[in-house]
Amino acid sequence: MPGSAQKYVIYSNVLIEAHRRYYSLDIAPAFWDFLIDTAENGIIQSIDRVYDEILKGNDDLAGWVKNSFPFAFVNTKNDSDVLNNYGKLINWAYKHSQFNQAAKDEFTRVENADPWIISYAMYNGFVVETQEVLDKNVMKNIPIPNVCVAFNVKYINTFTLLRELNFKFN
């Protein structure tokens, strides 16, 4: 981890799936401590809209984010550079014939963190960490990896991040 030049922006499903499926707060505290440490060292962060999505869960994860991890969320709501990239993503989504109208409407909802996190990564040169996967044939939603590929933004999943940052359970 020390000396890592690459920075990562984490999407809500990374935290939600880890909490619900394989690294719950009570059985894998080392994972959650690792997130805190890497955020404190400026290697990972997330954005305000992800924070908002997680707090809607009103569960243990929301409590952890609110009490132990709030410093890791960057305010993007007034960032003109991120907003400029956001506009590019929205235009791309509406012009892309692969996706149905419901997918476009969901992707472009201002509360939806998906385009915002990609916009933030584009501007800052960060890697997007998401559990979503590339689907070249999807029509009913717009996966983050599909957008990342279209805009040449690197994306990885949680396990790749953990390997890249040499995380180990002790």
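Cut-offs applied
Residues numbered from 1 in each chain as written. Predicted model: local features only at pLDDT ≥ 70, side-chain atom pairs only at ≥ 80, totals over all residues. Heavy atoms only, no water. Phe/Tyr/Trp six-rings, centres within 6.5 Å; stacked < 30°, edge-to-face > 60°. Helix = DSSP H or I, 4+ residues; strand = E, 2+ residues; numbered from the N terminus. Buried < 20%, exposed > 50% of the residue type's maximum accessible area, 1.4 Å probe, protein only. Lys NZ or Arg CZ within 6 Å of the ring centre and 35° of its normal. Axes fitted to C-alpha atoms, helices over the stretch in contact; angles between N-to-C directions. Parallel < 35°, antiparallel > 145°, perpendicular 65-115°, else oblique. Left-handed = near helix turned anticlockwise from the far one by under 90°. Contact = heavy atoms within 4.5 Å. Nonpolar A, V, L, I, M, F, W, Y, C, P; charged D, E, K, R; others polar. Pairing = 2+ DSSP bridges. Salt bridge = Lys/Arg side-chain N within 4 Å of Asp/Glu carboxyl O.

Engineer: I'd love a proper account of the packing of aromatic side chains, names of residues and values included.
Structural biologist: In total, this model carries 17 aromatic pairs according to the counting rule given. Seen from their ring centres, Y51 and F73 are 5.1 Å apart, and the 65° between their planes marks the pair as edge-to-face. Of this pair, Y51 sits in helix α3 (residues 48-55) while F73 sits in strand β3 (residues 73-74), and the two are 22 residues apart along the sequence. Overall, the relative accessible area of 12% leaves F73 in the buried class. Positioned above the aromatic ring of W116, the side-chain terminus of R49 is 3.7 Å from the ring centre.

Engineer: How would you summarise the packing of helix α1 (residues 12-22) against helix α4 (residues 60-68) if you had to cite specific residues and measurements?
Structural biologist: Put simply, α1 and α4 touch, their axes get as near as 10 Å, and they point 130° apart. Classified by the angle their axes make, α1 and α4 are oblique. Crossing geometry of α1 relative to α4 is assigned as right-handed. Counting all contacts with α1, which are made through L15, I16 and H19, the residues of α4 involved are D60, L61 and V65. Class assignment for the residues of the contact of α1 with α4 results in four nonpolar, one polar and one charged.

Engineer: Can you tell me about the packing of helix α5 (residues 80-95) against helix α7 (residues 113-124), naming the residues and giving the values?
Structural biologist: With their axes 8 Å apart at the nearest point, α5 and α7 run at an angle of 120° to one another. Judged by the angle between their axes, α5 and α7 are oblique. Remark: the crossing between α5 and α7 carries right-handed chirality. Contact residues: α5 offers D81, V82, L83, N85, Y86, L89 and I90, while α7 offers P115, W116, I118, S119, Y120, M122 and Y123. Split into classes, the residues belonging to the contact of α5 with α7 amount to eleven nonpolar, two polar and one charged.

Engineer: Explain the sheet that holds strand β1 (residues 8-10) to me, using residue names and the numbers behind them.
Structural biologist: Taken together, five strands build an open sheet; the order of strands is β3-β2-β1-β4-β5 and the sheet is parallel. Of all the strands in the sheet, the pair left with one neighbour each is β3 and β5 (155-156). Across three bridges, the pairing between β1 and strand β4 (residues 127-129) is parallel. For I10, the partnering residue across the bridge sits in β4 and is E129.

Engineer: So, the pattern of salt bridges: which residues are in play, and what are the values?
Structural biologist: Throughout the structure, instances matching the rule amount to six salt bridges. Between D52 and K77 there is a salt bridge, and its shortest N-O distance comes to 3.2 Å. One end of the pair, D52, is in helix α3; the other, K77, is in the loop between β3 and α5, and 25 residues separate them in sequence. Under the relative-accessibility criterion, K77 is labelled partly exposed at 43%. The partner of R109 in a salt bridge is E106, with the nearest N and O atoms 3.0 Å apart. Where salt bridges share partners, they join E106, R109 and E111 into one cluster.

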